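# An overview of the molecular structure
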Amino acid sequence: MKDIIIEKNSKKVLDNFQDLFVARNEIIKHASKKINTSEDEINHLSQILHPNKIEVVVKKIVEENSLTKSFYFTTEDGSSFPPFIPGSYITLEIHIDNRIYKRPYSISSNPSHLNEYRITVKKEGIVSKYLFNECKENDKFTLYGPFGHFHYNSLRDSNEVIFLAGGSGITPMKPMIEDLLIHKRVSKIDLIYGTKTVNDILWKKEFDELTKKYKNFHIIYLLSEEKRDDYSYGIIDESLLRKLEPMNKTIFISGPTEMYKSLNELLKKLNIPNKYIRHEIYTNIPENLGTKEYKLVIRRNNEKITIPCYENKTLVQSMEENHIDAPVHCTVGVCGFCKSKLIQGTVKTENSCLRKKDQELKYIHPCVTYPLSDIEIELPF
Amino acid sequence: MKYDCIVIGAGTAGLISALTLQKKGKKVLILEKGINPGGALSSFKRGAFEFDTNVFPMYGFGSEEKLGEKMFQQLDLQNKIKMNFENELFHIIVTETNEEYTFSKGIESFEQKMEEYVPGSMEVMETFFGLCLDVKEALEYIKTQKTTLDERDLLQKYPNFVQLAPLKVKRVFEYLNMPKKVIELLSVFCNYMGSSIKDLSFVYFANFVYTFISSGPCYPKNTSYEFVKLLEESFKEKGGVIKYHTKVNEILVDNGKVVGVQANNETFKTSHVISNVSPKMVYEHFISQENVPIECIKLENERILGPSMFTVFVGLNKTKNELGIEHTHYIITNTLDSIKEFEKLHQVFSGHLIAHVIEEQNTTQVVLTGMIYKDALKSFFTPDHYFEIKEQLEDYFVTVFENATGHFIRESIEEIDLATPVTYARYTGHPYGILFGYLAKGYDNLLPRMFCEDEENKIEGLRFCGSYGSRLSLFLDLMENANEVALKTFGECEE
Ligand code: FES
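A short tour of the structure in this document, coming up. Owing to the predicted nature of the structure, the values given are computational and were not obtained by experimental measurement. In every chain, residue numbers begin from 1 and rise along the written sequence. Chains carry letters and ligands carry numbers; both start at the beginning, A for chains and 1 for ligands, and go up in the order they are written. In view of the model being predicted, local features appear only for residues whose pLDDT reaches at least 70, and side-chain atom pairs are presented and counted only at 80 or more, with totals across whole chains, interfaces and linings using the full set of residues. The basis for the side-chain values is all heavy atoms of the structure; hydrogens and waters are excluded.

## Overview of the sheet that holds strand 6 (residues 140-147) of chain A
Residues and elements named next belong to chain A. Strand order in this open sheet of 6 strands is 4-3-6-1-2-5, and the pairing throughout is antiparallel. Two strands close off the open sheet at either side, each with one partner strand: strand 4 (99-106) and strand 5 (117-122). Strand-to-strand twist in this sheet, taken as the mean axis angle between neighbours without regard to direction, amounts to 40°. Judged from the 4 bridges that link them, strand 3 (residues 89-96) and strand 6 form a sheet pairing that is antiparallel. Each bridged residue has a counterpart across the sheet, and for T91 the counterpart in strand 6 is Y144. We call two strands paired when DSSP finds no fewer than two bridges between them. Under the DSSP-based scheme used, a helix requires at least four consecutive residues in state H or I and a strand at least two consecutive residues in state E, with every element numbered from the N terminus. Helix axes are fitted to C-alpha atoms over the stretch in contact, other axes to C-alpha atoms as well, and angles between N-to-C directions run from 0 to 180 degrees.

## Side note on unusual backbone geometry
Residue and element names in this part refer to chain A. The peptide bond linking G145 to P146 adopts the cis configuration, its omega dihedral lying at 0°. Checked against the element boundaries, P146 lands in strand 6. Positive phi, close to 65°, is recorded for K362, a residue that is not glycine. Inspection of the secondary structure puts K362 in the loop between helix 9 (356-360) and strand 17 (363-364). Taking relative accessible area as the criterion, K362 reaches 55% and is therefore assigned exposed. Each residue is assigned to one of three classes by its accessible area relative to the maximum for its type, calculated with a 1.4 Å probe on protein chains only: buried under 20%, partly exposed between the two thresholds, exposed over 50%.

## Quick notes on the sheet that holds strand 17 (residues 353-360) of chain B
All names here are of chain B. Here 7 strands make up an open sheet; going across it, the order is 8-7-16-17-18-15-19 and the pairing mixed. A strand with exactly one partner marks an edge of an open sheet, and here the two such strands are strand 8 (99-104) and strand 19 (413-419). Taken over all neighbouring pairs, the strand axes of this sheet differ in orientation by 15° on average, direction set aside. As paired strands, strand 7 (residues 88-94) and strand 16 (residues 329-333) are joined by 4 bridges and run parallel to one another. Each residue of the ladder has a partner; that of V94, found in strand 16, is T333. Its contacts with the sheet place helix 3 (residues 107-117) against strand 7 and strand 8, and it is angled at close to 160° to strand 8. Only heavy atoms enter the contact rule, under which two residues are in contact if any of them lie within 4.5 Å. The strands that helix 16 (residues 421-428) touches are strand 15 (308-316), strand 18 (363-372) and strand 19; relative to strand 15, the one it contacts most, it runs at about 100°.

## Description of the pairing of strand 3 (residues 28-31) of chain B
Residues and elements named next belong to chain B. Here strand 3 shows a buried face lined by V28 and I30 and a second buried face lined by L29 and L31. Sheet analysis places strand 2 (residues 5-8) next to strand 3, joined by 4 bridges and oriented parallel. Counted as the bridge partner of I8 is L31 from strand 3. Call a crossover right-handed when, viewed with both strands pointing away from you, the route from the first strand across the helix to the second goes clockwise. For the handedness criterion, the β-α-β arrangement of strand 2, helix 1 (residues 12-23) and strand 3 is classed as right-handed. Pairing between strand 3 and strand 10 (residues 241-243): 3 bridges, direction parallel. Across the sheet, the residue bridging to I30 is I242, located in strand 10.

## Digging into the interface of chain A and chain B
In this assembly, 70 residues from chain A lie in contact with 91 residues from chain B. Two parts placed together each lose some accessible area under a 1.4 Å probe, and the buried area is that loss summed for both. Roughly 7,000 Å² is buried in total at the junction of chain A and chain B, and carbon and sulfur atoms are behind 60% of that figure. Considering only the side of chain A, the residues that lose the most area to chain B are A:R24, A:L155 and A:R355, jointly responsible for 12% of the buried surface there. Basic side-chain nitrogens of Lys or Arg form a salt bridge, by our definition, when they fall within 4 Å of a carboxyl oxygen of Asp or Glu. Viewed at the interface, chain B and chain A are joined by 7 salt bridges. The partner of A:R24 in a salt bridge is B:D444, and the shortest N-O contact between them spans 2.8 Å. Whenever two N or O atoms come within 3.5 Å, that pair is a polar contact, provided that in protein one can donate a hydrogen and the other can accept it, and provided that, for residues adjacent in sequence, both atoms are side-chain atoms. Run the count over chain A and chain B and you get 39 residue pairs in polar contact (both at pLDDT 80 or more).

## As for the nonpolar core
In plain words, nonpolar cores are sets of buried Ala, Val, Leu, Ile, Met, Phe, Trp, Tyr and Cys residues tied together by side-chain atoms within 4.5 Å. Within the largest apolar cluster, 133 residues are counted, with the highest numbers of intra-cluster contacts made by B:F110, B:F128, B:F161, B:F205 and B:F227. With 11 residues, helix 4 (residues 122-144) of chain B is the largest single contributor of residues to this core. Apart from the residues within four sequence positions on either side, B:F128 is in contact with B:F173, B:L176, B:M178, B:L186, B:F202, B:F205 and B:V209. If you look at the next biggest cluster of nonpolar residues, it comprises 42 residues, including A:L45, B:I325, B:F397 and B:A425.

## Details of the packing of aromatic side chains
Ring pairs are drawn from Phe, Tyr and Trp, using the six-membered ring of Trp, whenever the two centres fall within 6.5 Å, and their geometry is named by plane angle: stacked under 30 degrees, edge-to-face over 60, tilted for the rest. Counting across every chain of the model gives 57 aromatic pairs over all chains. Note on B:F61 and B:F72: the rings are 4.7 Å apart at their centroids and 70° apart in plane angle, and the pair reads as edge-to-face. Linking B:F61 in the loop between strand 5 (49-52) and helix 2 (67-74) with B:F72 in helix 2, this pair joins segments that are 11 residues apart in sequence. As far as the burial class goes, B:F61 and B:F72 line up, both buried. The criterion for a charge sitting over a ring is simple: Lys NZ or Arg CZ within 6 Å of the ring centre, and within 35 degrees of the ring normal. Just above the ring of A:Y72 sits the side chain of A:K60; from NZ or CZ to the centre is 4.3 Å.

## Quick look at the state of the cysteines
Cysteine sulfurs are considered disulfide-paired once they come within 2.5 Å of each other. One pass over the full model with this rule turns up 0 disulfides over all chains. Here A:C309 is not cross-linked by a disulfide; its sulfur's nearest cysteine counterpart is in A:C338, at 15 Å.

## Some points on the pattern of salt bridges
Evaluated as defined, the whole model comprises 58 salt bridges over all chains. With a shortest N-O distance of 3.1 Å, A:K174 and A:E206 are connected by a salt bridge. Within this pair, whereas A:K174 is found in helix 4 (residues 170-182), its partner A:E206 is found in helix 5 (residues 204-213), the two being separated by 32 residues in sequence. A residue is classified by how much of its surface remains accessible, and A:E206, at 36% relative accessible area, is partly exposed. The partner of A:K269 in a salt bridge is A:E238, and the shortest N-O contact between them spans 2.5 Å. Taken together, the residues A:K269 in helix 7 (residues 257-269) and A:E238 in helix 6 (residues 238-243) connect sequence positions 31 residues apart. Linked through salt bridges whose partners overlap, the residues forming this network are A:R24, B:E300, B:R303, B:D444, B:R449 and B:E456.

These figures come from the coordinates and say nothing about function on their own.
The following block contains the structure:
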């Protein structure tokens, strides 16, 4: 490029050039010495919304029915809980016989009351049985979260929506439905709530009141093991679903694993695009698992621990049994928190929630991984 | 155990610094508060979609200069990453006046396109690009000068550069007597860089614009997470240690020298720290106040933070064709007045955004990014309404895109999420969630930063890399800088 002349005087050219740095030094010389104390509200908000953990106390326990109890938590220091989108879950950490368990539970309370979180637990696995039988008021726990993407989104989801709940799958839907109704976010809600018997129905009174108050909210109670007047009988099948005119409506599903499986088939048959199907997270245990025992070598922070593991137990379950504090949040292969490198061995696993590169580099989610040989993995931290 | 160097933050720059030192035989530890490498460069899954969190393209690959390739070679990444090269630079839509302009990569093609839009502009464009090249060459030369600059020598070798160095973009455009429309179209880049023609230094602008136009944009095929993951893997393979979920509490300083780092109640000894965390955070939170030199506080007090951003990630269940979308990279702007537009970036609902469109197996991702200066965010979010505001913003961004392009996308949304400055704060810890570092303005432009860097390091053994460092936040500069910072630290380790 030929030379240009913006400034003729070459001394001035050099002066101007040097000024670039001289000016900086001058400005800094005369700058204020006061240490900045103004609050960074964005980082502050990020901490409010996503705390590392929440220490809580059980304030109240309510028996909803013979197999289900609700637990009301307040924070240990009396501060409010993080705001959350209805449908979110928290992870509860619980210590039983020196073993550390972490389990996800939907928040069944409403986000307008952040002085408490409520979870509603059915007596099923080790942890929920413990909660059901042993947990007392004033017991202390650690929570993580809130997490999850099982939410209504006004841009993505339709204006008329369908909720399909099975058993305690109703828990995340309770605050979701209330939120949609109270804030008039949708024009119509149909809920099919399937349980075994009438006694298993949670919050029936509250739901019935809602249907009275909001004319655009309809419930079909569906009993699978009891025939009663005023209640439908059976499971969610094609003809029942068709009655709700499901085309172009967002369908929220939450319930036991078998329900997802049968509904997925049904929705496929009806040609409902994925866009309209929103699942709560759920456990999907593979069929035909063996029972053989293998060795699981765990690398973590330069340490190596070896424990037994079994074909019919996830690697996280084996860690729990062996008193290892496994890094888990969702426990069902969705959140990515437990993501670990598989260094050696073959496994049966579900990796659809892993990023492409992680799949390629043989990362796994130990919470949904079953061993098929001796295994070596490296935990993330 | 003592480490030769501790790198704080496994962001892109932190990883590159760590790798560079390690390749020179040093024992390096990386401490990262999150659980994944990459910081701002990452990806996340929503349903069937994997979104790249890096919304600005990579560049410098595939051109004659091969700057990107050289960088990747130094990092042993050559041929390991599949890149999607794009021919189109961007498609500009001016919403107030309904004008549209499309530019493709290559200097000549750019000049021709400009000639088409502004007949008679060829000559001035050639001069402009000539000057850009001068700037690039001079910068390359400066980088090779280890000791302090000899300005006279520089004036002799690069007279144009020395004259241009103190000038803002606007002044140079005026000097070149560019037609108004040329100025307007070129200044779209200034907004793209988060600034305006009256603030941005010509040198910084020219260096980027030339490299970007000549090489064109490219994106790692498997998202930029692939890039950072490979950096991480190669660091670990060679014995490097990264501790995730490890938040640094304090950089220990004794007598003006770094002596260690405390994190998760553990103390790690070292004499050298490279911080991928911003100086602002480090001086305010990581070093006990009596150990922070007064000059550092003064400098921080004078600096202005750059823009933050909102990004809406939209996963659509149709192909580009079905949606009728033609272009890959849109710049949607209210006007072509760069100064006015820059002012708009101080409002949340600015009407100014960048859209990137990626097609993959019968689906399309549309990623919409709006820059925003932090003043506009004052009291904008409240914890109780945060999620509500998020939905409003999603709607707003999608609406701006639909209105500008005429493509109706909302019916086809399968997944959608919005990253706000709060999200970026969560994953990077940067002040106000700002990813672009300090604003390139006046005395805090590229050259003053570069030249004053060493002298401003007032704590022995502490250096900074990343977007808050001396080479600012553009992809290639940031990578080069991380490498240089590591080499300087290496030099000090050897002393
Ligand atoms: S704990 Fe969420 S993926 Fe394993």
